[in-house]
Amino acid sequence: MTEYIPGLAGVPATKSAISSIDGEKGILAYRGYSIQDLVEHSSFEETALLLMNGELPSPKELSTFKNILQKRNEVKRKIRHLLWSLPPTGHSMDVLQTAMAAMATFYPDAGASEPDSAYTQNALIKIISNMSTLVAMWTRISRGYDPIPPSNKMSYAENFMYMCFGEESDPEIINLLDASLILHAEHTINASTFSTMVTASTLANPFSSIASGVGTLAGPLHGNANENVLLMLDEIGSAKNARPWIENRLKNKQVIWGMGHREYKTKDPRATILEKMIKTYIKKNGLNLSNRFETALEVESICEELLSQKGVYPNVDFYSGILYSEIFSFTKEHFTPIFAMARSAGWVAHWHEQVSHNRIFRPTQIYTGADFRDYPSS
């Protein structure tokens, strides 16, 4: 009898050369390069090209890629009108999924039959480039403001901040955002990547496939955990309240948001990097963040004491919300779209890998319904 494994936990669903995780040692690597090295030495543009092509680009290749990203970052006028027609209270991820799916109608020839054609390759770059423009546009449109046109001279991270706030950002902020985008760009076969691959396996248009990934990332169990971390920290209130709050949650077998990950038995390396970046930035600039950060540090300390023997440590969501809200000044409804913006690089790489060695996904099931029976006679 076929064994049932809920959620396909641990079931190999594909072979991939894009990224790898060593959960015991807490290592995440893109194409063999550790994220620590990429954050320290690379840029989001270079990392995106690494994920797409398999190797670090030459300076000339990287310059060409940056130029293409900049030239392709404008959004079609009718897509812009589509966003204006949506309710400003609409969920930002639903808006992003709608816009991405609609883009397929403008690029119908971007197909899986020729994934290496210049047309399809440009469409994949268009997805990465337009993702940042769409996210920035909705941060403005949802508040009733006209979108700020993208620049064709700024880096990816710098341009996103400019489109959101209408002014040039501090270089340190740009570097922090660039590092955050690298950390979120790829993470093996997670739920949103898998849904992208399943859709791609039908040889669907890449825009439609990435729209599937956006829709999956919108779910509260996948993409918006960092929002819940902030709500949790606000509920705790201060570091001195952390222990009784955590002990009560554990007693009642309730979730402690931002703690634990299926793949890691130690601290998520992305969380380690984010924590270090936040500490370095606030120390260098003499900043005082809200109680959230000190509360988060205390929550981590207590959870390490109480949960480390179970392999439960902070994941990337534990600190990313603090970075987005306290340092970048984004509101929580835009956290997950920024996640999607970064992850578009990984989704595009997986779309190409899937269709290049394709077999349509068709898992089986274990039937639990009624036995065969006759239709009752009249």
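Residues numbered from 1 in each chain as written. Predicted model: local features only at pLDDT ≥ 70, side-chain atom pairs only at ≥ 80, totals over all residues. Heavy atoms only, no water.

Novice: In this structure, what is going on with the packing of aromatic side chains? I would like to understand it.
Specialist: In this description, a pair of aromatic rings is defined by centroid distance and the angle of the planes. Taken as a whole, this structure holds 10 aromatic pairs when the rule is applied. Considering the side-chain rings of Phe328 and Phe330, the 6.1 Å spacing of their centres and the 70° angle between planes classify their relative orientation as edge-to-face. Exposure class is identical for Phe328 and Phe330. Each is buried. Chaining the aromatic ring pairs together yields one cluster made of Phe160, Phe165, Tyr324, Phe328, Phe330 and Phe335. (Phe/Tyr/Trp six-rings, centres within 6.5 Å; stacked < 30°, edge-to-face > 60°. Buried < 20%, exposed > 50% of the residue type's maximum accessible area, 1.4 Å probe, protein only.)

Novice: I'm lost on the pattern of salt bridges in this one. Help?
Specialist: This model, assessed by the stated rule, comprises 10 salt bridges. Note that Lys284 is salt-bridged to Glu172, the shortest N-O span being 3.5 Å. Taken together, the positions of Lys284 in helix α13 (residues 269-285) and Glu172 in helix α8 (residues 171-184) put the pair 112 residues apart, joining distant regions of the chain. With relative accessibility at 24%, the residue Glu172 sits in the partly exposed group. Residue Lys267 pairs with Glu300 through a salt bridge whose shortest N-O separation is 2.7 Å. Linking Lys267 in the loop between α12 (242-251) and α13 with Glu300 in helix α14 (residues 291-307), this pair joins segments that are 33 residues apart in sequence. In this structure Lys267 comes out as buried when scored by relative accessible area, which is 16%. Each of Lys267, Glu275, Lys279 and Glu300 takes part in salt bridges that share partners, so that together they form one network. (Salt bridge = Lys/Arg side-chain N within 4 Å of Asp/Glu carboxyl O. Helix = DSSP H or I, 4+ residues; strand = E, 2+ residues; numbered from the N terminus.)

Novice: Explanation requested: unusual backbone geometry in the structure shown.
Specialist: A negative phi angle characterises most non-glycine residues, just as the trans form characterises most peptide bonds. Residues other than glycine seldom take positive phi values, yet Arg31 does so here, at roughly 50°. Within the element layout of this structure, Arg31 appears in the loop between β2 (27-30) and β3 (33-34).

Novice: Any chance you could explain the sheet that holds strand β1 (residues 19-22) here in plain terms?
Specialist: The pairing of strands in a sheet comes from backbone hydrogen bonds and takes either a parallel or an antiparallel form. Strand order across the open sheet formed by 3 strands is β1-β2-β3, with antiparallel pairing between neighbours. Two strands in the sheet have a free side with no partner beyond their single neighbour: β1 and β3. As paired strands, β1 and β2 are joined by 4 bridges and run antiparallel to one another. Each bridged residue has a counterpart across the sheet, and for Ser19 the counterpart in β2 is Tyr30. (Pairing = 2+ DSSP bridges.)

Novice: Whenever I open this one, α13 confuses me. Can you help?
Specialist: In an α-helix there are 3.6 residues to a turn, and that puts residues three or four apart on one side. Here α13 contains 17 residues, and its C-alpha end-to-end distance of 25 Å stays within 8% of the 24 Å for a straight helix at 1.5 Å per residue. The complete set of buried residues in α13 reads Pro269, Arg270, Ala271, Ile273, Leu274, Glu275, Met277, Ile278, Tyr281 and Ile282. Residues of α13 that are buried in the fold lie against β2, α1 (35-41), α8, α14, α15 (317-327) and α16 (335-356). Phi turns positive one or two residues past the end of α13, at Gly286, with a value near 60°. (Expected span 1.5 Å × (residues − 1). Contact = heavy atoms within 4.5 Å.)

Novice: How should the nonpolar core be read in this particular structure?
Specialist: Here is a general trend for soluble globular proteins: nonpolar side chains tend to be buried in one another's company. Among the nonpolar cores identified, the biggest contains 106 residues, and Met131 and Phe160 are the most heavily contacted of them. Non-local contacts of Met131, meaning those with residues more than four positions away in its chain, are made with Leu96, Met100, Lys126, Tyr156, Ile210, Val214, Ala340, Met341, Ser344 and Trp347. (Core = buried A, V, L, I, M, F, W, Y, C linked by side-chain atoms within 4.5 Å.)

Novice: Is there a simple way to think about the environment of Glu275 in this case?
Specialist: Structurally, Glu275 can be placed in helix α13. Put simply, Glu275 and Phe318 are 43 residues apart on the chain and 9.1 Å apart in space, counted from C-alpha to C-alpha.

Novice: What exactly am I supposed to notice about the side chain of Glu227 here?
Specialist: Of note, Glu227 is situated in helix α11 (residues 225-236). Of the side chains bearing the opposite charge, Lys332 lies closest to the buried Glu227, which forms no salt bridge; the N-O distance is 5.8 Å. For Glu227, the residues in contact, after removing those within four places along its chain, are Lys332, Phe335 and Thr336. (Lys, Arg positive; Asp, Glu negative; His and termini not counted.)

Novice: What am I meant to see in the environment of Gly23 here?
Specialist: With respect to the element layout, Gly23 can be found in the loop between β1 and β2. Here Gly23 falls in the buried class, since its relative accessible area comes to 12%. Each C-alpha atom of the pair Gly23 and Glu263 lies 5.2 Å from the other, and the pair is 240 residues apart in sequence. Excluding anything up to four places from it in sequence, Gly23 contacts Glu263, Tyr264, Lys265 and Thr266.

Novice: Sorry if this is basic, but what is going on with the pairing of β2 here?
Specialist: A regular strand carries its side chains on alternate faces of the sheet. In the sheet, β2 pairs with β3 via 2 bridges, with the strands oriented antiparallel. Bridge pairing links Ala29 to Ser34 in β3.

None of this, on its own, says anything about what the molecule does.
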